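Residues per chain, in single letters:
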Amino acid sequence: QVQLVESGGGLVQPGGSLRLSCAASGSIVSIDRMGWYRQAPGKQRELVARITSGDNINYADGVKGRFVLSRDNAKNTVNLQMSSLKPEDTAVYYCHALIRALLDGTSDYWGQGTQVTVSS
C-alpha cells in the first residue's frame, strides 16, 4: 500500500507564507513525478507545481515567482514553499504522485487534501 501524507496549510494573511509537505510511504519502487494540485470552491482541480524524476519542475503561471517546489529523494517527500500569498490562492491543496509500487505497478496517488485560506 502506498500512502501520501500531507502536512502544513492553514490560515494566513495576504502577503504571508506557508509551507506544505507531502511524504510518500509504502512499497515504492520509484516515483515518476510528484507535486501539488489545488481546488477552489466551484472550480476544477488545477496543477500548482510538480517535479519529475528528471528534476524538471513545472509551475502554474499564477504561482511562478511566488511558490517553490523542492524534493527530498531520500525521504520521498516534496515541499511547497508558498510566499506572497493572495486571496485567490485559497483552496484545498492535494498532493499527487505517479508511483511505481512493488506489487501494484504504476498508479496515481492522491493525498487527503489540506486547506489553505488566505484572508485578512
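Above this text sits the structure in question.
What counts, and at which threshold
Residues numbered from 1 in each chain as written. Predicted model: local features only at pLDDT ≥ 70, side-chain atom pairs only at ≥ 80, totals over all residues. Heavy atoms only, no water. Patch = residues over 30% accessible without salt bridge, like charges linked within 9 Å, V, L, I, M, F, W, Y side chains within 5 Å. Areas by Shrake-Rupley, 256 points an atom, 1.4 Å probe, with all protein chains shown as cover. Salt bridge = Lys/Arg side-chain N within 4 Å of Asp/Glu carboxyl O. Helix = DSSP H or I, 4+ residues; strand = E, 2+ residues; numbered from the N terminus. Buried < 20%, exposed > 50% of the residue type's maximum accessible area, 1.4 Å probe, protein only. Contact = heavy atoms within 4.5 Å. Polar contact = N/O pair within 3.5 Å; in protein donor to acceptor, adjacent residues only side chain to side chain.

Novice: If you had to explain a nonpolar patch on the surface to someone new, which residues and values would you point to?
Specialist: A cluster of nonpolar residues, Val29, Leu102 and Leu103, forms a patch on the protein surface that exposes about 350 Å² of accessible area. Note that Val29 resides in strand E4 (residues 28-39).

Novice: Residue-level account of the environment of Arg71, with values.
Specialist: Examined against the element boundaries, Arg71 turns out to sit in strand E7 (residues 67-72). Note on Arg71: relative accessible area 24%, which makes it partly exposed. When sequence neighbours within four positions are dropped, the list of residues in contact with Arg71 reads Ile51, Thr52, Ser53, Asp55, Thr77 and Val78. A distance of 2.9 Å separates the side chain of Arg71 from the backbone oxygen of Thr52, its partner in a polar contact. For Arg71, the side chain forms a polar contact with the side chain of Asn73, separated by 2.7 Å.

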